[in-house]
Amino acid sequence: MPEPANHSQQPKSNASNAPAQRASSAPESTAAGLSLTNLRQGNMSPAEIMQLQRAVGNQAVNQMYSSRSASSSRPPVQRQGIRASNLFQSTETPARSPQPDSATAAPAAPAPVREIPTPQIPGDLKGKGGYSEVYSWLKQQAQASKKSGLFSFFDSLQPEQKMSAIRSMAGNPRNITVDAVKKSMMTGIFTKSVDWDKFSVISRETKKMDTRNYNADQDRDYASYTATGTSAAAGGVSGSATISKTLGASGAAGTALVAAPIAGGLSGFASVSQIYNATQNYDGALSTAGKASLVAGEGASGAADLARFTAGSVNGVREAAGMAVNGAATVAAGAGAIVGGAAYMVGGAAGYVESGRNAKKLGQLEQQLGERAGEAETDQKLLAASLGRSTQEMNKSKSGMTAVKGAMMIAGGAVLIAAAASPAGPILLALAAILGGVAAIVKFYRKYKRKEAFVDKALKVEEAMALPANKDIPKDQVRQALLEKNGFNSVGQCYTQLVTDLAGMLFESGVKGDDAESRQIIEGIGLKIDKAKQKPGKDLIAKKLHT
């Protein structure tokens, strides 16, 4: 019997052998007819019966070959592979009949592929069990808290993204329930409500946004704020009392005696915190002037202050106890004031010069970018240059006050050594301490107020206020609507996201890339670029944009 692989050759073979097959089958047919006549008459022997069987069998075999030859002339069935998008279509289709001239025939167009419909998740997550219940609950809470704009940002996410956000809000439990979300998201002591700040962060993270706050205060920052604030307050009380006592106000003598050692102790703690922060903030990517300002203006001056406060506290305690002032402690305090003052003055002067130069360069770049405003990339650089310039101007102001503080400390220390009994020395030192505290407070306040102005610029609040539809709406309401539209619950959140995004843009285009304007901004905020080490990093750029 022929093999299946040779079916395509059967028509030719059968056609050439057909006469031979007909010639061989003729005698067999005649013999079979005579045998059948003899069989009907009962005259056949066993041998003749066997001959009849062979003839009939040969005839059947010949008919089988003839039918196979006929069937091989029909077009074969072609088999197709199964495709994932075509699972519900038949996998066997008849082959096309051959064309008269295959060389000139146009290629057949492929049959259109039928896409298999997949179930779509509705926007309200209906049919998704706990997810749908949480969605409805969050919507109700947003309406009750007047946060419908913020919920609209969440609602603009893809259904799968909403489900991912809800899992995060619930703390990633096995079963999603409203109670699980309440446990994780509700905040408040007397009146409970959804933590909309957390809601905003989770919603933005679901859209793959980098929500990290590179300027978030750490434990050491809180310790520094506490130490600086309390020492400045105590120093101010002590200094004021000392000045009043020197000018003849006898009632201030007791206050001066009590406040002096307290101010000395708190100032010593502030100095230790200042030294520690200087070591933590040091980075090789800082400019030369930036390093000088940090090492001298923060580290060295902090160490000198610590020595001065320690020596000064000795005399403060002795004076409160009615004992004579210790001469050696007075000299040590004066020397510490001179050394510390010199460090403050050097660091402050270096910072003042560099910050002023940087602010001027960034201002010029800001003006150039403003002329091309309207493109997304240019607008981002414009915001970065504006923020960097503002920071450098604030640093220039603070550095100037730091330099003046140093000069006053040098003068006070010199007077303290030259004439221990003179009140001029302590007065100058007290004024220097007060000036340092005022400088820190002024910078903190200016940074706080700048957040709102910068966010307004980024969100184009003024342009929105000029629209006829917003004519009678207060500015804070317009701002809040724009914040929530973009997924933010507060000005602080939006400002943090802007700084993070701008830092990422500058790192990609100025450190990893070769964009000249981005490099100017990075250098303008007091950093130097090292292509080989891929520095400064995104985190340091974000810090220098803000601080």
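Residues numbered from 1 in each chain as written. Predicted model: local features only at pLDDT ≥ 70, side-chain atom pairs only at ≥ 80, totals over all residues. Heavy atoms only, no water.

S.K.: Residues and numbers for the overall build of the chain, please.
M.R.: Broken down by element type, the chain carries 18 helices and four strands. Taken across its 547 residues, the chain has 36% of its residues classed as buried. The contacts in the chain between residues at least 6 apart in sequence include a share of 66% that link residues at least 24 apart. Working note: accessible area of the chain is about 30600 Å², and carbon and sulfur atoms make up 57% of it. (Helix = DSSP H or I, 4+ residues; strand = E, 2+ residues; numbered from the N terminus. Buried < 20%, exposed > 50% of the residue type's maximum accessible area, 1.4 Å probe, protein only. Contact = heavy atoms within 4.5 Å. Areas by Shrake-Rupley, 256 points an atom, 1.4 Å probe, with all protein chains shown as cover.)

S.K.: Describe unusual backbone geometry, and please don't skip the residues or the numbers.
M.R.: A cis geometry characterises the amide bond from Lys-535 onward to Pro-536, with omega recorded as 5 degrees. Structurally, Pro-536 is set in the loop between helix H17 (516-524) and helix H18 (538-546). Phi at Lys-146 is positive, roughly 60 degrees, even though this residue is not glycine. Mapped onto the elements, Lys-146 comes out in the loop between helix H3 (130-144) and helix H4 (148-155). A relative accessible area of 74% means that Lys-146 is categorised as exposed. Phi is positive for Lys-208, which is not a glycine, with a value near 65 degrees. Within the secondary structure layout, Lys-208 lies in the loop between helix H7 (196-206) and helix H8 (219-246). A residue is classified by how much of its surface remains accessible, and Lys-208, at 77% relative accessible area, is exposed.

S.K.: I'd love a proper account of helix H15 (residues 475-485), names of residues and values included.
M.R.: The complete set of buried residues in H15 reads Val-478, Arg-479, Leu-482, Leu-483 and Glu-484. Taken from the residues just after H15, Gly-487 is the one with a positive phi, measuring 90 degrees.

S.K.: Kindly report on empty space enclosed by the protein, identifying the contributing residues and their values.
M.R.: Summed over the entire model, instances satisfying the criterion amount to one cavity of 30 Å³ or more. Taken as a whole, the largest cavity holds about 40 Å³ of empty space. Taken together, Met-394, Ser-397, Lys-398, Met-401, Ala-439, Val-442, Lys-443 and Arg-446 form the lining of the largest cavity. Elements represented by at least two residues in the lining of the largest cavity include exactly helix H12 (376-418) and helix H13 (424-459). Residue classes in the lining of the largest cavity are distributed as four nonpolar, one polar and three charged. (1 Å grid on protein atoms, 1.4 Å probe; cavity = no way out; pocket = protein on both sides within 12 Å on 5 of 7 lines; lining within 4 Å. Points joined across faces, edges and corners; volume = space filled by probe spheres on them. Nonpolar A, V, L, I, M, F, W, Y, C, P; charged D, E, K, R; others polar.)

S.K.: Go over the side chain of Thr-402, please, and point to the residues and values.
M.R.: Mapped onto the secondary structure, Thr-402 falls in helix H12. Residues in contact with Thr-402, not counting those within four places in the same chain, are Tyr-344, Met-345 and Gly-348.

S.K.: Which residues make up the pattern of salt bridges, and what values do they have?
M.R.: Following the criterion strictly, the structure yields 17 salt bridges and no others. The residue Glu-517 makes a salt bridge to Lys-381 at a minimum N-O spacing of 3.1 Å. With Glu-517 in helix H17 and Lys-381 in helix H12, this pair connects stretches of sequence that are 136 residues apart. Using a relative accessible area of 15% as the deciding quantity, one classes Glu-517 as buried. Among the charged side chains, a salt-bridge network with shared partners connects Arg-372, Glu-377, Lys-381, Asp-515 and Glu-517. (Salt bridge = Lys/Arg side-chain N within 4 Å of Asp/Glu carboxyl O.)

S.K.: Break down the packing of aromatic side chains for me, with residues and values.
M.R.: Per the counting criterion, the structure on display carries five aromatic pairs. Ring centres of Phe-151 and Phe-154 lie 5.5 Å apart, and the angle between their planes is 45 degrees; on these two criteria the pair is classed as tilted. Placement of the pair is Phe-151 and Phe-154 together in helix H4, with a separation of three residues, close to one helical turn. The positively charged end of Lys-405 is found above the aromatic ring belonging to Tyr-344, 4.1 Å away from the centroid. (Phe/Tyr/Trp six-rings, centres within 6.5 Å; stacked < 30°, edge-to-face > 60°. Lys NZ or Arg CZ within 6 Å of the ring centre and 35° of its normal.)

S.K.: How would you explain the nonpolar core if you had to name every residue and give the values?
M.R.: Leu-506, Ile-541 and Leu-545 are the most contacted members of the largest nonpolar core, which has 38 residues in total. Where this core is concerned, the elements lending two or more residues are helix H11 (327-370), H12, H13, helix H14 (461-465), H15, helix H16 (491-512), H17 and H18. By residue number, the principal contributor to this core is H16, which donates ten residues. Those residues in contact with Leu-545 that sit more than four places away from it in its chain are Ala-384, Leu-387, Gly-388, Thr-391, Arg-450, Val-499, Leu-502, Ala-503, Leu-506 and Ile-525. (Core = buried A, V, L, I, M, F, W, Y, C linked by side-chain atoms within 4.5 Å.)

S.K.: Which residues make up H13, and what values do they have?
M.R.: In this model, H13 (36 residues) spans 53 Å end to end at C-alpha, consistent with the 52 Å of a helix rising 1.5 Å per residue. Of all the bends in H13, the greatest measures close to 25 degrees and is centred on Arg-450. In the stretch just after H13, Lys-460 is the one whose phi turns positive, near 60 degrees. (Expected span 1.5 Å × (residues − 1). Bend = angle between axes of the 7 residues up to and from the residue.)

S.K.: Quick rundown of the packing of H16 against H17? Include the residues and the values.
M.R.: Taken N-terminus to C-terminus, the directions of H16 and H17 make an angle of 110 degrees; their axes are 8 Å apart at the nearest point. Between H16 and H17, the crossing angle belongs to the class labelled roughly perpendicular. The two elements H16 and H17 cross, and the hand of that crossing is left-handed. Judged by residue contacts, Met-505, Leu-506, Ser-509, Gly-510 and Val-511 of H16 engage Ser-518, Arg-519, Ile-521 and Ile-522 from H17. In terms of residue class, the contact of H16 with H17 is built from five nonpolar, three polar and one charged. (Axes fitted to C-alpha atoms, helices over the stretch in contact; angles between N-to-C directions. Parallel < 35°, antiparallel > 145°, perpendicular 65-115°, else oblique. Left-handed = near helix turned anticlockwise from the far one by under 90°.)

S.K.: Describe the environment of Met-163, and please don't skip the residues or the numbers.
M.R.: Considering the arrangement of structural elements, one finds Met-163 in helix H5 (residues 159-169). Once the C-alpha coordinates of Met-163 and Ile-176 are considered, the two residues, 13 residues apart in sequence, prove to be 9.7 Å apart.

S.K.: Just give me the short version of the confidence of the model for the chain, but keep the residues and values in it.
M.R.: Considering every residue of the chain, the mean pLDDT works out to 76; 59% of them sit at 70 or more. The low-confidence segment residues 75-103, where pLDDT is below 50, has 28 contacts with residues more than four positions distant or belonging to other chains. Within the model, pLDDT remains below 50 along residues 251-258, and this stretch shows ten contacts once partners closer than five positions in the same chain are excluded. (pLDDT = per-residue confidence, 0-100.)

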